[in-house]
Amino acid sequence: MKKQLYERPLIQRINTGLMNKFGTKTEYAPTSHIDGFAVKDLIKEFGSPVFVLSEQTIRNTYREAVRAFKTRYPRVQFAWSYKTNYINAVCNIFHQEGSWAEVVSGFEYQKAINNGVPGHNIIFNGPDKTDEDLRAAITNNSPIHIDHLDELYRLTELAEEMNKRPNVAIRVNMDTGIYPMWDRFGFNYENGQAWDAINKIMLGERLELIGVHCHIGTFMLSPQAYATAAFKLSDLALGIKKKYNKTLQYIDMGGGFASKNTLKGSYLPGTDTVPTIDQFAEAITTAILNAGFIEKDLPLLILETGRALIDEAGYLLGSVIANKRLSDGRRASIMDFGVNILFTAFWYDHKISPAQEFSSYTEDTVMYGPLCMNIDVVRSNVTLPPLKKDDHVVVHTVGAYNMTQWMQFIAMRPSVVLLGIDGKAHLIRSKEGLENIEMNEVMPEFLKNHQLSVANAK
Ligand SMILES: *Cc1c(COP(=O)(O)O)cnc(C)c1O
């Protein structure tokens with residue numbers, strides 16, 4: 001008879017909230033403080049809900065990313081993706097750290113100028129650049145990343161009209177093994193569109209081709225996809241050198257590295273599954289270094305990393321408005337924040353921690369926001385200890401995209417506070433009031449008075 005496998009006996013206290021089909025108990029300790037600031041005090045001073053950002057985490061994350069690339073490649077430049085979080089204080093932290101600006105709209109471009117970024121350090125991306133935007137970018141010598149042929153033709157006309165030679169790169173899309181492919185932006189590598197654009201620029205002699213650019217997706221979990229993209233952009237740069245004897249200044253790999261958030265439907269938390277910045281850096285730099293550039297032609301490597309540099313630095317602090325039982329007996333908590341200010345709740349299972357002491361008892365809970373609409377679900381199932389009315393919670397990893405995609409529906413946008421390395425909590429955007437919402441409204445004269453109609457109705 002085959003010997004049975006021996007297993008050590010195990011005695012374990014029965015605990016509610018252990019592994020179930022929704023995952024494990026999520027919280028073991030309250031998040032009562034962030035960077036030494038008490039959550040309770042922050043809410044008392046700035047109201048609930050409130051976004052807070054850790055200056056220390058922003059700077060640490062940025063420096064770690066720079067180190068990951070600079071230790072592997074000689075020439076590296078980051079450009080802060082404004083649309084990921086364009087509160088000016090946030091942008092200026094990145095600029096202080098040495099980051100350029102990367103913008104995708106005219107107003108973001110103006111923000112970067114107003115923040116004091118030199119024109120030649122503002123990368124202008126995106127499919128919608130107006131004549132006015134293009135003129136400003138041409139005047140300031142900003143790198144303009146061309147998205148489509150209509151833009152290329154218009155830019156050529158403006159260059160002629162202004163008698164200037166704009167600095168341009170082309171945005172390239174490509175098959176990196178990740179589907180669906182992001183092929184709506186830029187020129188395709190495989191089908192020859194990219195070379196068509198390059199030839200038109202080089203033979204047109206009106207535009208100065210200085211780089212090639214891609215942005216292959218967002219929340220990318222595959223370093224290999226970046227290796228493929230870096231190889232294909234290098235191939236274009238080497239081809240341009242060969243055909244036109246022209247050395248490009250840079251290869252811009254765009255953004256898209258995943259932050260440590262957990263995508264909905266994934267079993268393991270993002271902190272365990274997301275590749276590190278070193279893995280992305282290794283994939284990209286190895287591909288470029290192996291592509292065949294001679295040393296003096298090695299292009300500057302630009303990264304437009306957004307979410308991976310800011311997501312972890314952001315927290316949303318909020319409070320419980322009410323608890324109730326749903327018709328099927330499930331527990332539901334209604335919070336004072338919802339998808340209006342936490343847009344990323346649509347695709348992430350954000351980690352949520354109580355901010356005060358709790359018992360070991362946990363229960364699966366549906367967490368709703370305050371909006372009068374059914375889709376306002378912050379977490380469709382989260383295993384939490386019971387929360388009382390007015391208890392506080394901390395939502396983690398919310399620094400990317402929420403403070404730009406928030407919408408004004410029923411509720412006002414809350415304050416945003418920077419937890420400074422100077423030990424002070426700095427208000428960097430005050431909460432909105434009725435005046436902000438009505439600021440742009442205009443009342444026609446004939447509608448200003450409705451006393452009569454009220455009287456008539458009686
Ligand atoms: C949005 C965007 C980025 C930043 O993307 P992340 O996913 O936040 O890193 C960079 N480059 C371009 C062109 C973008 O559109």
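What you see is a predicted model, and the numbers here were worked out from it, not measured in a lab. (Residues numbered from 1 in each chain as written. Predicted model: local features only at pLDDT ≥ 70, side-chain atom pairs only at ≥ 80, totals over all residues. Heavy atoms only, no water.)

## Comments concerning the overall build of the protein
Phase 1: Summing up its helical and strand segments, the protein has 14 helices and 20 strands in all.
Phase 2: Taken along its principal axes, the extent of the C-alpha atoms in the protein is 100 × 70 × 45 Å.
Phase 3: Looking at the protein as a whole, 53% of its 458 residues qualify as buried.
Phase 4: Long-range contacts, defined as pairs at least 24 residues apart, comprise 70% of the intrachain contacts of the protein with a sequence gap of at least 6.
Phase 5: Element-wise, carbon and sulfur atoms account for 53% of the exposed surface of the protein, whose accessible area totals about 22400 Å².
Phase 6: The average position of the 48 basic charges and that of the 51 acidic charges among the side chains of the protein differ by 5 Å. (Helix = DSSP H or I, 4+ residues; strand = E, 2+ residues; numbered from the N terminus. Buried < 20%, exposed > 50% of the residue type's maximum accessible area, 1.4 Å probe, protein only. Contact = heavy atoms within 4.5 Å. Areas by Shrake-Rupley, 256 points an atom, 1.4 Å probe, with all protein chains shown as cover. Lys, Arg positive; Asp, Glu negative; His and termini not counted. Charge placed at Lys NZ, Arg CZ, Asp CG, Glu CD.)

## Observations regarding a nonpolar patch on the surface
Phase 1: Taken together, the side chains of Phe346, Trp347 and Ile375 make up a nonpolar region of the molecular surface, amounting to roughly 280 Å² of accessible area.
Phase 2: Tracing the backbone through its elements, the reader meets Ile375 in the loop between strand E16 (363-368) and strand E17 (377-384). (Patch = residues over 30% accessible without salt bridge, like charges linked within 9 Å, V, L, I, M, F, W, Y side chains within 5 Å. Salt bridge = Lys/Arg side-chain N within 4 Å of Asp/Glu carboxyl O.)

## A look at the packing of aromatic side chains
Phase 1: Under the definition given, this model contains 16 aromatic pairs.
Phase 2: Aromatic side chains Phe51 and Trp406 sit 5.9 Å apart centroid to centroid with 70° between the ring planes, which places their arrangement in the edge-to-face category. Remark: Trp406 occurs in the loop between helix H12 (402-405) and strand E19 (415-419) and Phe51 occurs in strand E3 (residues 50-54); sequence separation between them is 355 residues. Neither Phe51 nor Trp406 differs from the other in exposure class; each is buried.
Phase 3: Through successive ring pairs, a cluster of aromatic residues spans Tyr62, Phe69, Phe78, Trp80, Phe94, Tyr226, Phe257 and Phe280. (Phe/Tyr/Trp six-rings, centres within 6.5 Å; stacked < 30°, edge-to-face > 60°.)

## Side note on the domain arrangement of the protein
Phase 1: Partitioning the protein into domains gives domain 1 (25-52 + 313-433) and domain 2 (55-311).
Phase 2: Measuring from the centre of the C-alpha atoms in domain 1 to the corresponding centre in domain 2 gives 33 Å.
Phase 3: Counting from both sides, the interface comprises 24 residues of domain 1 and, opposite them, 26 residues of domain 2.
Phase 4: Buried area between domain 1 and domain 2, summed over both chains or domains, comes out near 2200 Å², and the portion from carbon and sulfur atoms is 55%.
Phase 5: Applying the counting criterion to the domain 1 and domain 2 interface returns one salt bridge. (Domains from an automatic or database assignment. Buried area = accessible area lost by both parts, 1.4 Å probe.)

## Thoughts on the site of the ligand
Phase 1: Taken together, 16 residues sit near the ligand, with Lys83, Thr218, Gly256, Glu304 and Tyr401 positioned nearest.
Phase 2: One nitrogen or oxygen atom from the side chain of Thr84 is found 3.4 Å from an oxygen atom belonging to the ligand.
Phase 3: A distance of 2.9 Å separates an oxygen atom of the ligand from a polar atom in the backbone of Arg307.
Phase 4: Compared with its free state, where it exposes 390 Å², the ligand has 95% of that area covered by protein.
Phase 5: Classifying every residue of the shell around the ligand gives one nonpolar, 10 polar and five charged. (Near = heavy atom within 4 Å. Polar contact = N/O pair within 3.5 Å; in protein donor to acceptor, adjacent residues only side chain to side chain. Nonpolar A, V, L, I, M, F, W, Y, C, P; charged D, E, K, R; others polar.)

## Describing the pattern of salt bridges
Oppositely charged side chains are able to pair whenever their charged atoms sit close together.
Phase 1: With the rule as written, the count across this model stands at 26 salt bridges.
Phase 2: The salt bridge involving Lys232 is made with Glu190; its shortest N-O contact spans 2.6 Å. Of this pair, Lys232 sits in helix H8 (residues 223-244) while Glu190 sits in the loop between strand E9 (187-188) and helix H7 (193-204), and the two are 42 residues apart along the sequence.
Phase 3: A relative accessible area of 14% means that Lys232 is categorised as buried.
Phase 4: By relative accessible area, which is 40% here, Glu190 ends up partly exposed.
Phase 5: Among the salt bridges present, the one from Arg379 reaches Asp349, with a minimum N-O distance of 3.7 Å. One end of the pair, Arg379, is in strand E17; the other, Asp349, is in the loop between strand E14 (331-335) and strand E15 (352-354), and 30 residues separate them in sequence.
Phase 6: Take Arg379: its relative accessible area is 8%, and that puts it in the buried class.
Phase 7: Among the charged side chains, a network of salt bridges with common partners joins Glu55, Arg59, Arg63 and Glu97.

## Considering the pairing of strand E4 (residues 76-81)
Phase 1: Of all six residues in E4, six are buried; the element is thus mostly enclosed.
Phase 2: Where E4 meets strand E12 (residues 300-303), three bridges bridge the pair, whose relative direction is parallel. Along E12, the bridge assignment pairs Val76 with Leu301.
Phase 3: One ladder, built from three bridges, connects E4 with strand E5 (residues 100-103); its direction is parallel. Paired with Trp80 across the two strands is Ala101, which belongs to E5.
Phase 4: Remark: the E4/helix H3 (residues 88-96)/E5 crossover connection has right-handed handedness. (Pairing = 2+ DSSP bridges. Right-handed = clockwise from strand over helix to strand, strands pointing away.)

## Quick look at the pairing of strand E20 (residues 425-429)
Walk down a regular strand and you will see the side chains alternate between the two sheet faces.
Phase 1: Bridge analysis of E19 against E20 gives four bridges, and the strand direction is antiparallel. The partner of Leu418 across the bridge, within E20, is His426.
Phase 2: Linkage of E19 to E20, two consecutive antiparallel strands, is achieved through a turn of five residues, within which Gly423 is found at a positive phi near 85°.

## Some details on helix H10 (residues 277-289)
Phase 1: For H10, spanning 13 residues, the distance from its first C-alpha to its last is 18 Å, which sits close to the expected 18 Å at 1.5 Å a residue.
Phase 2: Where H10 is buried, its residues meet helix H2 (55-70), H8, strand E11 (250-252) and E12. (Expected span 1.5 Å × (residues − 1).)

## Some thoughts on the environment of Thr344
Phase 1: In this structure, Thr344 sits in the loop between E14 and E15.
Phase 2: Taking the C-alpha atoms as reference, Thr344 lies 9.4 Å from Trp406; in sequence the two are 62 residues apart.
Phase 3: The contacts of Thr344, once residues within four sequence positions are left out, are His350, Ala400, Tyr401 and Asn402.

## Notes on the packing of H8 against H10
Helices that pack against each other are described as a pair by the angle of their axes relative to one another and the distance between those axes.
Phase 1: H10 packs onto H8 with a crossing angle of 25° between their chain directions and a minimal axis gap of 8 Å. When the interaxial angle is binned, H8 and H10 end up roughly parallel. Here H8 and H10 pass one another in a crossing that is right-handed. Contacts between H8 and H10 pair Pro223, Tyr226, Ala227, Ala230, Phe231 and Ser234 from the former with Gln279, Phe280, Ala283, Ile284, Ala287 and Ile288 from the latter. (Axes fitted to C-alpha atoms, helices over the stretch in contact; angles between N-to-C directions. Parallel < 35°, antiparallel > 145°, perpendicular 65-115°, else oblique. Left-handed = near helix turned anticlockwise from the far one by under 90°.)

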